[in-house]
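Close look at the chain arrangement
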Amino acid sequence: MIYKEPGEKLMYENAAYIVGGRVLANEASEYDGLFGRILEIRTDDDRETENDTPDIYCAFDPPPLSVARAALEQTFSQLYDTPKRVEELGLDLVIMAPEMLTPLAVPEQEYAQADLYVVVSHWATDGEFGSYEIPFTNLVDARRQFHDDLTAELNDGCIEKWRENSQFVEEETAESYECYLDGEYCENHFLIAVEKRSLPLAPQFIRTVATIYDDECAQKDLLEKAGKLPEYLALTEAQKKQLLQDEDIRGRINHYLGRCDAYWDCYWDAVSEAAQELLRNYHL
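Here the structure is a predicted model, which is why all the values come from computation and not from measurement.

1. A look at the overall build of the chain
Of the regular secondary structure elements, the chain holds nine helices and 13 strands. A compact globule built from 284 residues should have a C-alpha radius of gyration of about 19 Å, whereas the chain, at 29 Å, is more than 25% larger. By principal-axis analysis of the C-alpha atoms, the chain measures approximately 75 × 70 × 35 Å. Within the chain, buried positions represent 33% of all 284 residues. With the model as given, the accessible surface of the chain reaches about 18,400 Å², and the carbon-plus-sulfur share is 49%. Side-chain charges of the chain comprise 25 positive and 58 negative groups, with the mean position of each set lying 5 Å from the other.

Have a look at this one:
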């Protein structure tokens, strides 16, 4: 069977290979690190077993960096025992096995979206210039940074000096401020603003954040129980800090929790047992 219409999909080994979809060649092939697209997928006419391996026809982009191009040329020169240039590799049509490819998501279409608030600033003074961007996941945090940076510029920067110039122009909104000398914008200006941007969240990132959150909750819960025990009160401040830095607090809680069928009925008992276990280590 031949899949050649854009959007046609073949599932193989729990991965989706889509005609027209982006892929990355992985370390299982000599094309490791190259980005490309699937042109066509071909399977046996009689696919009766799960072991039938499809052929995936791809077009790869030549590496844009000279170092990567040189590495690719070296790989194929050694493979063919003759000098090879990127232009000779036929990257516009390469037949790959599925295990050599990593299908790539389209983040803006397939990932969950979150709001990102970025404090953006750029400035120029007498020809010297600079810029920065500071991202936040909380709007209040971004507004605080905007407030602090703008206040510092008003107090210690060039704005007050520019105000004395008849060419001075000032514009502002609730979340932006800009001023400049008319006719000299490239040489003398200051801008700061809070910009809202959409942030696609990769599944791995979500899992990482969830793990951090679960670990923080476990630490707080353990402190709530341990903090009432005399063994905890007998510790020094340094020991208390060290106890809460244990890397496997959540694992200890889950160890005791695993003995119980009713999760929430047993959760706090598990927290208490984990707290007592940790404290016993300080009183041996």
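So, next bit.
2. What to know about a nonpolar patch on the surface
A cluster of nonpolar side chains, Phe205, Ile206 and Val209, forms an exposed patch at the surface whose accessible area comes to about 250 Å². On the basis of relative accessible area, Phe205 is assigned to the partly exposed category, the value being 44%.

3. A closer look at the pattern of salt bridges
Considering all chains together, one arrives at 15 salt bridges under this definition. Put simply, Lys196 and Asp115 hold a salt bridge, and the shortest N to O gap is 3.7 Å. Residue Lys196 is found in strand β13 (residues 189-201), and its partner Asp115 is found in strand β9 (residues 112-125); the two are separated by 81 residues along the sequence. For Asp115, a relative accessible area of 38% corresponds to the partly exposed category. For Glu237, the salt bridge is made with Lys240, and the minimal N-O distance between the two is 3.4 Å.

4. Examining the domain arrangement of the chain
It is common to give the size of an interface as the accessible area lost on bringing the parts into contact. Split by domain assignment, the chain resolves into domain 1 (2-104), domain 2 (113-200) and domain 3 (203-281). Once you take the C-alpha centre of each, domain 2 and domain 3 turn out to be 44 Å apart.

5. Section: the confidence of the model for the chain
Looking at the chain as a whole, its pLDDT mean stands at 92, while 95% of the residues score no less than 70. No element of the chain has a lower mean pLDDT than helix α9 (residues 263-280), which averages 82, and none a higher one than strand β4 (residues 22-25), which averages 98.

6. Quick word on helix α3 (residues 139-156)
Between the first and last C-alpha of α3 there are 26 Å, a value that for 18 residues agrees with the 26 Å anticipated at 1.5 Å per step. Every buried residue belonging to α3 is among Ala142, Gln145, Phe146, Asp149 and Leu150, and all of these are buried. Axial view of α3: buried residues confined to an arc of 120°, hence all on one face. Opposite the buried face of α3, by more than 90 degrees, sit the exposed residues Val140, Asn155 and Asp156. Residues of α3 that are buried sit in contact with β9, β10 (128-136), β12 (176-181) and β13. One side-chain oxygen of the residue at the start of α3 lies 2.9 Å from the amide nitrogen of Val140, identifying that residue as Asn138.

7. Here we look at unusual backbone geometry
Phi angles above zero are rare outside glycine, and Glu13 is one such case at about 50°. Relative to the helices and strands, Glu13 is located in the loop between β2 (9-12) and β3 (15-18). Of note, the phi angle at Asn14 is positive, near 65°, even though the residue is not glycine. Turning to its location among the elements, Asn14 is positioned in the loop between β2 and β3.

8. A word on the side chain of Thr43
Relative to the elements of secondary structure, Thr43 occurs in the loop between β5 (35-42) and β6 (55-60). Contacts of Thr43, omitting those with residues within four sequence positions, involve Met1, Tyr3, Leu10 and Pro54.

9. Concerning the nonpolar core
Tyr31 and Phe60 are the most contacted members of the largest nonpolar core, which totals 23 residues. Those elements that place two or more of their residues in this core are β2, β3, β4, β5, β6, α1 (66-80) and β7 (94-96). The dominant element in this core, judged by the number of residues it contributes, is β6, at three residues. Setting aside its immediate chain neighbours within four residues, Phe60 contacts Val23, Ala25, Tyr31, Leu34, Phe35, Gly36, Leu91, Val94, Met96 and Leu101. Counting residues in each nonpolar core, the second largest holds 19 residues, with Leu257, Cys266, Val271 and Ala274 among its members.

10. Side note on the pairing of β2
Side chains Leu10 and Tyr12 of β2 all project onto a buried face; the interleaved residues Lys9 and Met11 project onto a face where none is buried. Two elements, β2 and β3, share four bridges in a ladder whose sense is antiparallel. Pairing of Met11 across the sheet is with Ala16, part of β3.

11. Things to note about the sheet that holds β12
With respect to topology, five strands assemble into an open sheet ordered β10-β9-β13-β12-β11, the strand pairing being antiparallel. A single partner strand is all that each edge strand has here, and the edge strands are β10 and β11 (168-173). Strand-to-strand twist in this sheet, taken as the mean axis angle between neighbours without regard to direction, amounts to 20°. As paired elements, β11 and β12 share six bridges and run antiparallel to each other.

Rules behind the numbers
- Residues numbered from 1 in each chain as written.
- Predicted model: local features only at pLDDT ≥ 70, side-chain atom pairs only at ≥ 80, totals over all residues.
- Heavy atoms only, no water.
- Helix = DSSP H or I, 4+ residues; strand = E, 2+ residues; numbered from the N terminus.
- Rg over C-alpha atoms; globule rule 2.2 N^0.38 Å.
- Buried < 20%, exposed > 50% of the residue type's maximum accessible area, 1.4 Å probe, protein only.
- Areas by Shrake-Rupley, 256 points an atom, 1.4 Å probe, with all protein chains shown as cover.
- Lys, Arg positive; Asp, Glu negative; His and termini not counted.
- Charge placed at Lys NZ, Arg CZ, Asp CG, Glu CD.
- Patch = residues over 30% accessible without salt bridge, like charges linked within 9 Å, V, L, I, M, F, W, Y side chains within 5 Å.
- Salt bridge = Lys/Arg side-chain N within 4 Å of Asp/Glu carboxyl O.
- Domains from an automatic or database assignment.
- pLDDT = per-residue confidence, 0-100.
- Expected span 1.5 Å × (residues − 1).
- Arc of directions from axis to C-beta.
- Contact = heavy atoms within 4.5 Å.
- Polar contact = N/O pair within 3.5 Å; in protein donor to acceptor, adjacent residues only side chain to side chain.
- Core = buried A, V, L, I, M, F, W, Y, C linked by side-chain atoms within 4.5 Å.
- Pairing = 2+ DSSP bridges.
- Axes fitted to C-alpha atoms, helices over the stretch in contact; angles between N-to-C directions.

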